[in-house]
Amino acid sequence: MRRIRNGLVLTLGITMTVGLAACGGDDGGTPAASDPNAKVELSLATFTEFGYEALIPEYERLHPNIKITHRKTGQGGPYHQDLITKLAAGSGLADVTAVEEGHLSNVLDKGSKFNDLPGIGPADASPDRWLGWKYDAAKTKDGKVIGYGTDIGPLAMCYRKDMLEAAGLPSDPEAVKPLFATWDSYFAAGDQYVAKTGGKAWFDSAAQNFNAMVNQLPTGYIGPDDKPTLDSNQGIKDAWTKVTGAVAKGQSAKLTAFSNEWNSGFKQGAFATKVCPAWMLGVIEEHSGPENAGKWAVTAAFPGGGGNWGGSYLTVPTQSKHPKEAAELAAWLTAPEQQIKAFQAKGTFPSQVKALEDPALLSETDAYFGGAKIGRLFAEQAKKVAKPQYKGPGDGQIQENASSPALQAVEQGKSPDEGWTQLLDAAKKITR
């Protein structure tokens, strides 16, 4: 997912769906270049807002022999389904094809259908360009690197200052940090908030918190052996117990994320805190409206240390007739200078180390959040992520089609044990 300045977020990560993939580089384009001056036509497929509109003509000016066709789509489920279909068909994908991190697990096991970028890309696209966890997440089991990282979604915590103050809780961004130090402290603060407000909700959705908790674990729904772990993964069971316990104590507003009711909940003050990747700031501002400007705050703290939710990669499928030129374009688009320009255009948060140290990023503030230094804040949060969790085939489907519905069922009256059984049953159907 990504934040769009002054507008809605159109892509909803694995919990929602994204746009239709473009036709690709193996659809009768120009022949492979035989010399540096030969004309080369490249296709680039992205979804929602990557911030590349001004960068593409800049690249063409710097490389007069390159012509880029940008096939950009908005939103819609077929994007990654279509990508997988075209991988199987062996044709139709763009020379440079974007993949959202929530769908990366369904691509990594098809690594033979993508170019190993270190082998064909420019020498300056070295691993130390990126945050280590971002770079490593695009590695296949046999060590191929199939994607150059674009944006990321480092996690912080957003909250309503006025609502915490009314409950007698700290509201200053520094003073609230102890409340958000661990999941235990977070849910303990939720108990206080519910008690002091006569039953008002502490957070929006059980699934939103649970997904963040699971993603922080050493092993998620699928183990490195590509087998499901739910029957034996104590970390997931503990997270389930904590979240459903908070639901039982009235902490959840019981809103399905990205539904109309959830959207309206921001403006209505239906909950006091929100798991907050960098792109969520734009969502909060859009749905809370100008009347709530200054009431929301964001702090450089997140239960359990840090985490990431969102971001994408640029890949070069083996279908491309111009893999070297495609890799050079992908490397340039994801270089620090271009990541800063994309951030300034669309708010896509950089994943490159030098970009995270750029004054243009570190000086970025957000008036809606009381002038918070959001560039520096989220750069700090990004560096707290230790390493990527392995995402095996079916991981995203379990999150979307098993855990989230099961937690919604608990919010609507099922017991935690009944919900857990529902989760297990649904996950088995996905992974069998």
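This one's a predicted model, so the numbers in the text were calculated from it and none came from an experiment. (Residues numbered from 1 in each chain as written. Predicted model: local features only at pLDDT ≥ 70, side-chain atom pairs only at ≥ 80, totals over all residues. Heavy atoms only, no water.)

Q: Would you explain the layout of surface pockets in this entry?
A: Over the atoms, a rolled probe matching the size of one water molecule traces out where space is still vacant. When its volume is computed, the largest pocket comes out at roughly 870 Å³. For the largest pocket, the lining is made up of 40 residues, of which Asn215, Lys387, Pro388, Gln389 and Lys391 are closest to its centre. If you list the elements that add at least two residues to the lining of the largest pocket, you get α3 (105-108), α5 (132-136), α8 (206-215), β7 (308-315) and α17 (395-411). Its residues assigned to classes, the lining of the largest pocket shows 15 nonpolar, 17 polar and eight charged. Summarising the domain contributions, the lining of the largest pocket has at least three residues from each of domain 1 (40-152 + 310-363) and domain 2 (154-307 + 365-431). (1 Å grid on protein atoms, 1.4 Å probe; cavity = no way out; pocket = protein on both sides within 12 Å on 5 of 7 lines; lining within 4 Å. Points joined across faces, edges and corners; volume = space filled by probe spheres on them. Helix = DSSP H or I, 4+ residues; strand = E, 2+ residues; numbered from the N terminus. Nonpolar A, V, L, I, M, F, W, Y, C, P; charged D, E, K, R; others polar. Domains from an automatic or database assignment.)

Q: Would you explain unusual backbone geometry in this entry?
A: Most peptide bonds are trans, and most residues other than glycine sit at a negative phi. Backbone geometry at Thr48 places phi at a positive 50 degrees, although glycine is not the residue there. By secondary structure assignment, the location of Thr48 is in the loop between β1 (40-47) and α1 (55-62). For Asp226, which is not glycine, the phi dihedral falls at a positive 65 degrees. Its place among the elements puts Asp226 in the loop between α8 and α9 (234-248).

Q: Is there a simple way to explain the packing of α1 against helix α12 (residues 323-333) in this structure?
A: In helix packing, the relevant descriptors are the interaxial angle and the interaxial distance, both defined with respect to the helix axes. Between α1 and α12, the least distance of the axes is 11 Å, while the angle of their chain directions is 125 degrees. By the angle between their directions, the pair α1 and α12 is classed as oblique. Here α1 runs over α12; the crossing is right-handed. Here Leu55, Glu58, Tyr59 and Leu62 of α1 come into contact with α12, specifically with Glu325, Glu328, Leu329, Trp332 and Leu333. (Axes fitted to C-alpha atoms, helices over the stretch in contact; angles between N-to-C directions. Parallel < 35°, antiparallel > 145°, perpendicular 65-115°, else oblique. Left-handed = near helix turned anticlockwise from the far one by under 90°. Contact = heavy atoms within 4.5 Å.)

Q: Sorry if this is basic, but what is going on with helix α7 (residues 183-196) here?
A: Because each turn of an α-helix spans 3.6 residues, side chains separated by three or four positions end up pointing in the same direction. Taking 1.5 Å per residue, 14 residues should reach 20 Å; α7 reaches 20 Å between its end C-alpha atoms and fits that length. Those residues of α7 lying buried are Trp183, Ser185, Tyr186, Phe187, Ala189, Gly190, Tyr193 and Val194. Looking at the packing, one finds that the buried side of α7 touches β4 (148-160), α6 (161-166), α8, α9 and β5 (273-277). Phi turns positive one or two residues past the end of α7, at Gly198, with a value near 75 degrees. (Expected span 1.5 Å × (residues − 1). Buried < 20%, exposed > 50% of the residue type's maximum accessible area, 1.4 Å probe, protein only.)

Everything listed here is a matter of coordinates, which is why it stays silent on function.
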